[in-house]
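Inside the fold
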Amino acid sequence: MEAATETAVRLNLRTQGIQILKIKAKPRDILENLPVFKGKVKDKDIIIFTRQFSTLIDAGLPIVQGLEILSSQEENKTFKKILLQVKKDVESGSTFADALKKHPKIFSNLYVNLVAAGEMGGVLDTILARLAAYYEKAAKLRSKVKGALTYPTVVLVIAIAVVIVLLVFVIPVFQKMFADFGGTLPGLTQAVVNLSGFMRKYVIYVLLGLGAVVLAFRGYYKTENGKTNIDRLVLKLPVFGPLLRKVAVANFTRTLGTMITSGVPILDGLDIVARTIGNKIVQMAILDTRKSISEGKSISEPLGRSGVFPPMVVQMVSVGESTGALDAMLTKIADFYDEEVDVAVEALTKLIEPFMMIFLGGQWVPCSRPCTSRSSRWPVQSDNSSIPSMITDLQSRSPNGDSISGFR
């Protein structure tokens, strides 16, 4: 039985008519508090909890009882502890939103603000249903983007590993074979052989250098200027830039539309969206829009001036703002760009596959050219006395061992 204190356990057992002989606390696992061994709360856990909690609230159950039911059946131990703590805080007099606010790593500002709006308006079940739908679509969108970026990343890492293995282990074998053949290697093959020698001699330093570059890049990205410059560059990339821009537009419109529909003021909504959008350039554009709205201007004007949002998005937002249906228009834009992301991800995958195949297949070309060269297999000697030995060698290579009549 789970309870906060031993006294609570005794009271619970006595109310059930169970005679108590001995109560012993379960020993704590010394590893459960280490970050490595803590279970991670996934988006799926939050979506299921939100959907089920919405159903329980809609059925008329109190918040505390709903949290008790859901925490008792939660399989994720980390999330279960958080739900029990939320339940305890609510029992102590805190609002549900304030209890959630104590766990910012699990429940975002968007989640907490929408729950607060639902509690104030008496429509918590409706707000939770919208949150569940929002998180489901957001998780689906993230999964698409991760799938599109994971494939080329994995292939590129494998390609780099294959190149290193070829240069360090395979090319030396071919180098010895080329030396036995004699003659001069083609320029491209000689360059690969030289690179192999360099890699065998300095492979540790090369790996350390790559690690240093990665660490330096991460350190630079954590700075304000670094994040701004890199995020601006990412949006300008030939293939990935348009995809990430569409993802940003979908996230912005879906999040802001959900918050406006739920009764959150637009200035608060823009502030929350800016902190969760993920791209510094888009964040600056949203904050500039928020500032303009606070000065009495429309939302569409600063969006168009930012250059981040496509003209179609700006025009649709302007129409929604003028007709008083901004939340519905934002939702339609989000649905449209979700489909656009699907098309872009499919096109990106089809575009990358042939380039990756050519890149991986081309790794063997410098090695295979000398091996198939006739001059490399049988180097021609200028001395005429070597001709009988060449005839004997050719006869021995003949499949049936017949004499070759072309030589007299």
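For the structure itself, look to the data block above.
Read on for an overview of the structure. (Residues numbered from 1 in each chain as written. Predicted model: local features only at pLDDT ≥ 70, side-chain atom pairs only at ≥ 80, totals over all residues. Heavy atoms only, no water.)

What to know about the overall build of the protein
Here is the rule we go by: In this description a helix means any DSSP run of H or I spanning at least four residues, a strand means any run of E spanning at least two, and both kinds are numbered starting from the N terminus. We call two residues in contact whenever any of their non-hydrogen atoms come within 4.5 Å of each other. Here the open area of atoms and residues is found with the Shrake-Rupley method and a 1.4 Å probe, where only the protein chains shown may cover a residue.
When helices and strands are tallied, the protein shows 18 helices and zero strands. For the protein, the share of sequence-separated contacts (at least 6 apart) that also reach a separation of at least 24 residues comes to 58%. Carbon and sulfur atoms make up 60% of the accessible area of the protein, which totals about 24900 Å².

What to know about the nonpolar core
Short version of the rule: Only buried residues count toward a nonpolar core. Its members are Ala, Val, Leu, Ile, Met, Phe, Trp, Tyr and Cys residues joined through side-chain atoms within 4.5 Å. Buried, partly exposed and exposed residues are distinguished by accessible area as a fraction of the type maximum, computed with a 1.4 Å probe on protein chains only: under 20%, between the cut-offs, and over 50%, respectively.
One finds Leu243, Phe252, Val282, Ile286, Phe309 and Val317 to be the most contacted residues of the largest nonpolar core, which totals 37 residues. For this core, the secondary structure elements donating two or more residues are α7 (124-181), α10 (240-261), α11 (266-276), α12 (280-294), α14 (311-323) and α15 (326-361). It is α15 that provides the largest number of residues to this core, a total of ten residues. What Phe309 contacts, discounting residues up to four positions off in sequence, is Val249, Phe252, Val282, Ala285, Ile286, Leu303 and Val314. Within the second largest apolar cluster, 35 residues are counted, among which are Val86, Tyr111, Val115 and Ile272.

Points about the side chain of Thr228
Mapping Thr228 onto the fold places it in helix α9 (residues 224-235). Overall, the relative accessible area of 12% leaves Thr228 in the buried class. The residues contacting Thr228, other than those within four sequence positions of it, are Lys280, Ile281 and Met284.

Observations concerning empty space enclosed by the protein
Note the cut-off: A 1.4 Å probe that fits but cannot get out identifies a cavity on a 1 Å grid over protein atoms alone, an open set with protein on both sides within 12 Å along at least five of seven lines counts as a pocket, and a residue lines either if it has an atom within 4 Å of a point. Grid points are joined across faces, edges and corners, and a volume is the space filled by probe spheres set on the points. All residues other than Ala, Val, Leu, Ile, Met, Phe, Trp, Tyr, Cys, Pro, Asp, Glu, Lys and Arg, Gly among them, are scored as polar; the first ten of these are nonpolar and the last four charged.
Scanning the entire structure with this criterion turns up two cavities of 30 Å³ or more. If you add up the space inside the largest cavity, you get close to 40 Å³. Taken together, Lys137, Ala138, Leu141, Ala250, Asn251, Arg254 and Asp338 make up the full set of residues lining the largest cavity. Those elements giving two or more residues to the lining of the largest cavity turn out to be α7 and α10. In terms of residue class, the lining of the largest cavity is built from three nonpolar, one polar and three charged.

Side note on the packing of aromatic side chains
Selection rule: Any Phe, Tyr or Trp ring, taking Trp's six-membered ring, that has another such ring centre within 6.5 Å forms a pair; planes under 30 degrees apart are called stacked, those over 60 apart edge-to-face, and the others tilted.
Evaluation of the coordinates by the stated rule reveals 13 aromatic pairs. Taken together, the ring pairs connect Phe49, Phe53, Phe79, Phe96, Phe107, Tyr111, Tyr134 and Tyr135 into an aromatic cluster.

Thoughts on the pattern of salt bridges
Where charged atoms from two side chains of opposite charge come close, those side chains can pair. Basically, it comes down to this: We define a salt bridge as a contact between a side-chain nitrogen of Lys or Arg and a carboxyl oxygen of Asp or Glu at a distance within 4 Å.
This structure, assessed with the given rule, holds 15 salt bridges. In this structure, the salt-bridge partner of Asp43 is Arg142, at a minimum N-O distance of 2.5 Å. Remark: Arg142 occurs in helix α7 and Asp43 occurs in helix α2 (residues 43-58); sequence separation between them is 99 residues. Between Arg254 and Asp338 there is a salt bridge whose closest N-O contact spans 2.5 Å. Of this pair, Arg254 sits in helix α10 while Asp338 sits in helix α15, and the two are 84 residues apart along the sequence.

Regarding the environment of Leu330
Within the fold, Leu330 resides in helix α15. The spacing of Leu330 and Phe252 is 78 residues in sequence and 8.7 Å in space, taken between C-alpha atoms. The contacts of Leu330, once residues within four sequence positions are left out, are Thr253, Leu256, Gly257, Ile260 and Val317.

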